[in-house]
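For reference, the chains in residue letters:
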Amino acid sequence: MAAQQTETRLVSWRVQRFREALDRPLAIVAAGGTETAGALWARLHERAGQPAWVIHPQDFISRPIPAGSAALILSTSGRHHDLLGAARHALNNGAPTHVVVTAERSPLVALVRDAGAENASFSLPSLGPEASRYDLHCTLPMSLLAAHLYEGGGPWAASFEGASLPLPDGLPTDVVTLGVGLARPVALDFAQKCRESGLAPAHTTELRQFAHGGVMAVRPGATWLVSCAMVDEMPYVDRYLAQIPDDVTVLRLESSGRDVRSALNLLARSMMTFGALADRAGQHPDRSRFPRWASQLRLLPLDD
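Everything quoted here is computed from the prediction, not taken from an experiment.

(A) Inspection of the side chain of S143 at higher detail. Mapped onto the elements of the fold, S143 is located in helix α8 (residues 139-151). Side-chain polar atoms of S143 contact the backbone oxygen of T139, separated by 2.7 Å.

(B) Just the state of the cysteines, in detail. Across all of its chains, the model carries zero disulfides by this definition. Looking at C228, it has no disulfide partner, and the nearest cysteine sulfur is the one in C194, 10 Å off. Taking relative accessible area as the criterion, C228 reaches 4% and is therefore assigned buried.

(C) Spotlight on the nonpolar core. By size, the foremost hydrophobic cluster in this structure holds 63 residues, and its most contacted members are W41 and V100. Looking at this core element by element, the count peaks at 10 residues for helix α12 (residues 260-281). The residues touching W41, leaving out its near neighbours within four places in the chain, are F18, L22, L26, I28, L72, L74, V100, M142, L145, A146, L149 and Y150. Grouped together as the second largest cluster of nonpolar side chains are 18 residues, A27, A71, A87 and L108 included.

(D) Layout of the pattern of salt bridges. In total, this model carries seven salt bridges according to the counting rule given. For the salt bridge of D238 with R252, the shortest nitrogen-to-oxygen distance reads 2.5 Å. On the criterion of sequence distance, the pair formed by D238 in helix α11 (residues 234-241) and R252 in strand β9 (residues 249-254) is long-range, its members being 14 residues apart. For D238, a relative accessible area of 39% puts it in the partly exposed group. Note on R252: relative accessible area 30%, which makes it partly exposed.

Definitions and limits used
- Residues numbered from 1 in each chain as written.
- Predicted model: local features only at pLDDT ≥ 70, side-chain atom pairs only at ≥ 80, totals over all residues.
- Heavy atoms only, no water.
- Helix = DSSP H or I, 4+ residues; strand = E, 2+ residues; numbered from the N terminus.
- Polar contact = N/O pair within 3.5 Å; in protein donor to acceptor, adjacent residues only side chain to side chain.
- Disulfide = S-S within 2.5 Å.
- Buried < 20%, exposed > 50% of the residue type's maximum accessible area, 1.4 Å probe, protein only.
- Core = buried A, V, L, I, M, F, W, Y, C linked by side-chain atoms within 4.5 Å.
- Contact = heavy atoms within 4.5 Å.
- Salt bridge = Lys/Arg side-chain N within 4 Å of Asp/Glu carboxyl O.

Quick look at the structure:
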């Protein structure tokens with residue numbers, strides 16, 4: 001339902017105009033939940049023939065912007081001061097600045113529109129209460145928009161469906177998610193949900209990097225390794241995971257395809273799988289449960 005709600009709002013001429021505005025090297029500014037969509041976006045932008053990289057707002061503001069590149073800023077509300085600061089940094093340095101928000105009205109959209117016609121914006125629909133349970137509010141609509149931009153008109157909503165995978169027994173005390181390519185957004189999203197729900201500390205890496213010392217932090221019976229992979233990576237993943245001892249818990253999120261539809265379906269199945277895990281633990285992503293000091297950290301501006 002949420003995917004269909006988003007797709008009905010993606011008018012073809014608006015999507016095409018936005019795609020044309022992005023046709024250059026692209027710095028994708030994202031944080032928190034939008035980082036998942038940013039990782040998918042960057043991969044698709046590269047497949048379309050232009051460089052792209054995902055960067056957090058603070059790092060973006062502290063660095064020069066390569067000549068000839070544009071900024072794409074992904075935001076849920078379009079109100080957070082870090083993302084407004086990133087937009088001002090890009091505009092002040094003469095870079096075309098484009099934004100995607102999941103809000104009808106936002107200061108971020110107004111900022112880039114007022115700065116000039118070369119800056120494009122796209123406002124996606126806010127999703128209903130059903131989206132909050134799996135923390136879909138930004139990942140789903142932004143990922144669907146990226147698919148429409150780079151892979152054609154769809155329909156894509158049916159790709160964003162899936163069922164939960166069987167879960168290992170128990171609950172993790174910490175999680176490592178592994179993934180590259182089109183599976184990396186899946187790995188990022190699963191880890192982000194673990195952190196935002198308070199279910200377990202989690203970080204994301206890839207198989208080779210994990211082999212360089214990451215194994216030293218694994219605790220048998222407590223650490224879960226969540227392997228996310230598309231079909232092209234499967235031969236290596238199979239050989240790699242065969243070396244993992246039986247007392248280390250491994251959850252495999254895999255796709256038999258290599259295209260964007262398969263990637264969206266894998267992301268959906270990962271979300272449903274996390275939802276089943278969160279049900280078991282009784283902990284879903286819910287920022288209202290953040291401690292007061294954590295909320296204050298999120299509101300702390302980068303400068304005085």
